Amino acid sequence: MQYPAPISKLIDGFMKLPGIGPKTASRLAFYVLDMKEDDVLEFAKSLVNAKRDLTYCSVCHHITDTDPCRICDDKERDQTVVCVVQDSKDVIAMEKMREYSGLYHVLRGAISPMDGIGPEDINIPDLLKRLQDDQIQEVIVATNPTIEGEATAMYLSRLIKPTGIKVTRIAHGLPIGGDLEYADEVTLSKAMEGRREL
Amino acid sequence: MHIDTLYLKQFRNYKQMGLDVDNTINLILGENAQGKTNMMEAVYVLAFAKSHRTSKDKELIQWEEDFARIEAEISRKTGPLSLEVIISSRGKKTKVNGLEQRKLSEYIGALNVVMFAPEDLNLVKGGPQLRRRFIDMEIGQISPVYLHNLTLYQRVLKQRNQLLKNMFPVPDHEQEMMLDVLTDQLARAAAQVIVRRFSFLRMLAPWSQDIHRQISREKEELSLTYVPTAEVSEGMDLSMIEEKVKEKLMQNRQNEIRRGVTLSGPHRDELSLCINNKEVQTFGSQGQQRTAALSLKLAEIELINDNIGEYPILLLDDVLSELDNHRQSHLLHAIEGKVQTFVTATGVNGVEHQTLKKASTYYAEAGTLRQVK
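Conventions and cut-offs
Within any chain, residue numbers begin from 1 and follow the written order of that chain's sequence. Working convention: letters from A go to chains and numbers from 1 go to ligands, in the order in which they are written. Note on the predicted model: pLDDT of at least 70 is required for a residue's local features to be given, and 80 or more for side-chain atom pairs to be given and counted; whole-chain, interface and lining totals, by contrast, use all residues. Values reported for side chains reflect all heavy atoms of the structure, with hydrogen atoms and water molecules removed beforehand. Every helix listed is a DSSP run of H or I at least four residues long, and every strand listed is a run of E at least two residues long, numbered separately from the N terminus. Radius of gyration: over C-alpha atoms. The globule rule applied is 2.2 Å multiplied by the number of residues raised to the 0.38 power. With a 1.4 Å probe rolled over the protein chains alone, any residue whose accessible area is under 20% of its type maximum counts as buried; one over 50% counts as exposed, and the rest are partly exposed. Accessible surface area values rest on a Shrake-Rupley calculation with a 1.4 Å probe, where residue burial reflects the displayed protein chains alone. The charge count treats Lys and Arg as positive and Asp and Glu as negative. His and the chain ends do not count. By convention, the charge on Lys lies at NZ, on Arg at CZ, on Asp at CG and on Glu at CD. Salt bridge, as used here, is a side-chain nitrogen of Lys or Arg placed within 4 Å of a carboxyl oxygen of Asp or Glu. As used here, the term nonpolar core means buried Ala, Val, Leu, Ile, Met, Phe, Trp, Tyr and Cys residues forming a set that is joined through side-chain atoms within 4.5 Å. Just so you know, the domain bounds were taken from an automatic or database domain assignment. The contact criterion used is simple: two residues touch if any of their non-hydrogen atoms lie within 4.5 Å. Here a strand pair is declared whenever DSSP counts at least two bridges between the two strands. Convention used here: a crossover is right-handed provided that the path from the first strand, over the helix, to the second strand proceeds clockwise when the strands point away from the viewer. Whenever a helix is involved, its axis is fitted only over the stretch in contact; in every case the axis is a line through C-alpha atoms, and angles between N-to-C directions fall within 0 to 180 degrees. With respect to orientation, any angle under 35 degrees is reported as roughly parallel, any angle over 145 as roughly antiparallel, any angle of 65 to 115 as roughly perpendicular, and every other angle as oblique. Take the far helix as the reference: if the near one is turned anticlockwise from it by less than a right angle, the crossing is left-handed, and if turned clockwise, right-handed. Each residue gets one of three labels, nonpolar for Ala, Val, Leu, Ile, Met, Phe, Trp, Tyr, Cys and Pro, charged for Asp, Glu, Lys and Arg, and polar for the others, Gly among them. Only residues whose relative accessible area exceeds 30% and that form no salt bridge enter a patch; like-charged residues are grouped when within 9 Å of one another, and nonpolar side chains (Val, Leu, Ile, Met, Phe, Trp, Tyr) when within 5 Å. The term buried area means the drop in 1.4 Å probe accessible area that two parts suffer when joined, counted for both and summed. Polar contacts, as counted here, are pairs of nitrogen or oxygen atoms within 3.5 Å of one another; within protein the pair requires one atom able to donate a hydrogen and one able to accept it, and residues that are adjacent in sequence qualify only if both atoms are side-chain atoms.

Some details on the overall build of chain B
No. 1: Tallying secondary structure elements over chain B gives 11 helices and 15 strands in all.
No. 2: For 373 residues, the compact-globule estimate of 2.2 N^0.38 gives 21 Å, and chain B sits close to it at 22 Å.
No. 3: A principal-axis box enclosing the C-alpha atoms of chain B has dimensions of 75 × 55 × 35 Å.
No. 4: Expressed as a percentage of its 373 residues, the buried residues of chain B come to 55%.
No. 5: With an accessible surface of roughly 16,500 Å², chain B has 48% of that area assigned to carbon and sulfur atoms.
No. 6: Computing the positive centroid from 48 side-chain charges and the negative centroid from 49, chain B places the two 2 Å apart.

In structure tokens:
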């Protein structure tokens, strides 16, 4: 069946979002038709504003509406530690923990020759510039435990170690509060590898 | 273990087919292109979630349909299990007792299958990739961790090969450093794979030696040797192997950059088979090569039993007629009464062994199977 042009355009728009196929897209589009006009306007405005008002922090590359971002600007935070993550979402996850009070650096990706992504394509050169500032004493590498995340971590460690700054990698293994029996074999074997003396 | 029921939907030439299996030995007869091998393939896919014949899952789906489904009820020592593999154009799903499995490595191993098909007769004389595949498939069945390590290795290898290609002709400093990183990462993954392969062959060797001795009427000694591309040997520990693999990669570095490909590591290692200290690949007769292949497959069945405490399902696809009487009897004798087996053949001629007289016989015709009483 042919949709009228305005709605097929809307469906098309929804389908550009991740995880949304044609069925969900048309369900959302028809839902929009039933919404109050004010709500629709509000929604449209927030979409545009999110895109227009948010930029990347010129220091850490985290998404922000002020530059430098609130985290970089916060003098209360420990200025000697930088936690390197792949994505802005990772910063938010870390912040939820409320245990870490250092700074961040968002790479926005991981090194992957297969996808044509080299060290200069993610924010590594910027990180090095930041490290020249003598305040920073430790870099915590919190890239994902995937092959690319791991390679990026190893690359960073090679790059930074000669400067005398301490480089650490976050641990991986069993989730806390989970039962051992429910962990998959691979996670379990990683946890065994990383065991430590009590 | 035992398959009790099998159900296929839109799989290859089977529109819909249900089968109750009540016998240990099951003989499937039929003309060519009627669905004998497809049925064997279905059992194989149920075990490994991929085909032995094609890497394109789409080919498994019946023409003009959008999915294929294989279901089976199986009995294991630990109890009954229902298994399901669904293949559609959007990917595949696996279920155990109705629960979808998040990772393939969690599914594989639910059903253990050993297949012996005509192409396996080439296991000995064919290219080294066949023997590597044999090792990888078999360890994968008993060790999900191995499967994970192997996938890891292959992915790092791809990244490294791509980087090597990018580095030609003049590598920059960043690329050199990235190559160091990927070399470390590759060596670490390689060590895990190599250690497991060594220990697998150490366990397989006595079984295959024994079986081969019997089939050759005490005349031949079969030995298996892992021939690595790096200077590693069996007694070394993980970190030592990692070190040696890295050393080899470092030696080849310039050459690798020139050729744009990783030249050493588990993906180039070889399994060498000797009979009475002579390499079978090059010096063995056709008969010796076949016997050695058969010995390896039979050893594998015993090894799985040894590891998991029960025998796997055996699929003999069109191979009985390829073996002479003596080897046939040996094979059938070895499995009699303990290994549930599916055998295909075009006719009963050439497969008249005593064991097969007790088999349930099915007849495959144009995508149907009917039991012959």
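Focus on the overall build of chain A
No. 1: When helices and strands are counted, chain A shows eight helices and six strands.
No. 2: Ordered by position from the N terminus, the helices and strands of chain A form the series α-α-α-β-β-α-β-α-β-α-β-α-β-α.
No. 3: Relative to the compact-globule value of 16 Å for 198 residues, chain A shows a C-alpha radius of gyration of 22 Å, a clear excess of over 25%.
No. 4: Taken over the C-alpha atoms alone, chain A extends approximately 65 × 45 × 35 Å along its principal axes.
No. 5: Taking all 198 residues of chain A together, 36% fall into the buried category.
No. 6: For chain A, the accessible surface area stands at approximately 13,100 Å², while carbon and sulfur atoms represent 55% of it.
No. 7: Of the side chains in chain A, 24 bear a positive and 32 a negative charge, and the two mean positions are spaced by 2 Å.

Focus: the pattern of salt bridges
No. 1: The full count for this structure, using the stated rule, is 31 salt bridges over all chains.
No. 2: Note that R158(A) and D180(B) form a salt bridge whose closest N and O atoms lie 3.7 Å from each other. Within this pair, whereas R158(A) is found in helix α7 (residues 147-160), its partner D180(B) is found in helix α5 (residues 173-215), the two belonging to separate chains.
No. 3: Overall, R158(A) belongs to the partly exposed group, its relative accessible area being 31%.
No. 4: The class for D180(B) is buried, based on a relative accessible area of 18%.
No. 5: Close ionic contact of R213(B) with E221(B) constitutes a salt bridge, the shortest N to O distance being 2.8 Å.
No. 6: With relative accessibility at 34%, the residue E221(B) sits in the partly exposed group.
No. 7: When salt bridges that share partners are traced, they join R158(A), E176(B), D180(B), D184(B), K246(B) and R253(B) into one network.

Topic: the nonpolar core
No. 1: Counting 95 residues, the largest nonpolar core has I160(A), L204(B) and V245(B) as the members making the most contacts within it.
No. 2: In this structure, this core is formed jointly by two domains, domain 1 (1-112 + 312-373) and domain 2 (122-305) of chain B, each of which donates at least three residues.
No. 3: In this view, I160(A) contacts L127(A), L128(A), L131(A), V139(A), I165(A) and V167(A); residues no more than four positions away in its chain are not counted.
No. 4: By size, the runner-up hydrophobic cluster in this structure holds 44 residues, among which are M1(B), L8(B), M40(B) and M137(B).

Comments concerning the pairing of strand β3 (residues 25-29) of chain B
Residue and element names in this part refer to chain B.
No. 1: Taken across its five residues, β3 has five buried, putting it largely inside the fold.
No. 2: Along β3, one buried face is formed by I25, L27 and L29 and the opposite face, lined by N26 and I28, is buried too.
No. 3: When β3 meets strand β13 (residues 341-345), the two strands line up parallel, connected through five bridges. Across the sheet, I28 pairs through a bridge with T344, a residue of β13.
No. 4: Strand direction decides the pairing type here: β3 and strand β14 (residues 360-365), joined by four bridges, are parallel.

Thoughts on the pairing of strand β3 (residues 81-85) of chain A
Residues and elements named next belong to chain A.
No. 1: Within β3, five of the five residues are buried, which leaves the element mostly enclosed by the surrounding structure.
No. 2: In β3, alternate side chains face the same way, and those of V81, C83 and V85 on one face and V82 and V84 on the other are all buried.
No. 3: Here β3 runs beside strand β5 (residues 138-141); their pairing, made up of four bridges, is parallel. The partner of V82 across the bridge, within β5, is V139.
No. 4: In this structure, β3 lies alongside strand β4 (residues 103-106), joined through four bridges in parallel fashion. Residue pairing across strands places V85 opposite V106, the latter belonging to β4.
No. 5: Taken together, β3, helix α5 (residues 88-97) and β4 form a β-α-β motif whose crossover is right-handed.

Regarding the packing of helix α4 (residues 144-167) of chain B against α5(B)
All names here are of chain B.
No. 1: Packing of α4 against α5 brings their axes to within 9 Å, and their N-to-C directions diverge by 150°. For the element pair α4 / α5, the angle class is roughly antiparallel. Considering only the axes of α4 and α5, their crossing is left-handed.
No. 2: Grouping the amino acids of the contact of α4 with α5 by side-chain chemistry returns 16 nonpolar, seven polar and four charged.

Notes on a negative patch on the surface
No. 1: A surface patch of negative charge is lined by E37(A), D38(A), D39(A) and E42(A).
No. 2: Along the chain, E42(A) turns up in helix α3 (residues 37-53).

Observations regarding the interface of chain A and chain B
No. 1: Taken together, the contact pairs 19 residues of chain A with 24 residues of chain B.
No. 2: Together, the buried faces of chain A and chain B total about 2,100 Å²; carbon and sulfur atoms form 66% of this surface.
No. 3: Three residues stand out in chain A for area buried against chain B, namely P113(A), I147(A) and R158(A), and they jointly supply 31% of the buried area on that side.
No. 4: Where chain A packs against chain B, one counts three salt bridges.
No. 5: In this structure, R155(B) and E148(A) form a salt bridge, with 2.8 Å as the shortest nitrogen-oxygen distance.
No. 6: Scanning the region where chain A abuts chain B turns up six residue pairs in polar contact (both at pLDDT 80 or more).
No. 7: Counting residues per element, the ones that place at least two in the side of chain A that touches chain B are α7 and α8 (185-193) of chain A.
No. 8: A total of eight residues in the side of chain A that touches chain B trace back to one element, the largest contributor, which is α7(A).
No. 9: Taken together, the residues of the side of chain A that touches chain B break down into 10 nonpolar, two polar and seven charged.

A few points about the sheet that holds β4(A)
Residue and element names in this part refer to chain A.
No. 1: As summarised here, the arrangement of the four strands in space is β4-β3-β5-β6, forming an open sheet in which the pairing is parallel. The two strands at the open ends of the sheet, each matched to only one other strand, are β4 and β6 (166-169). Shown here is a sheet whose adjacent strand axes are inclined to one another by a mean of 25°, direction ignored.
No. 2: Strands in contact with α5 are β3 and β4; relative to β4, the strand with the most contacts, it is inclined by about 155°.

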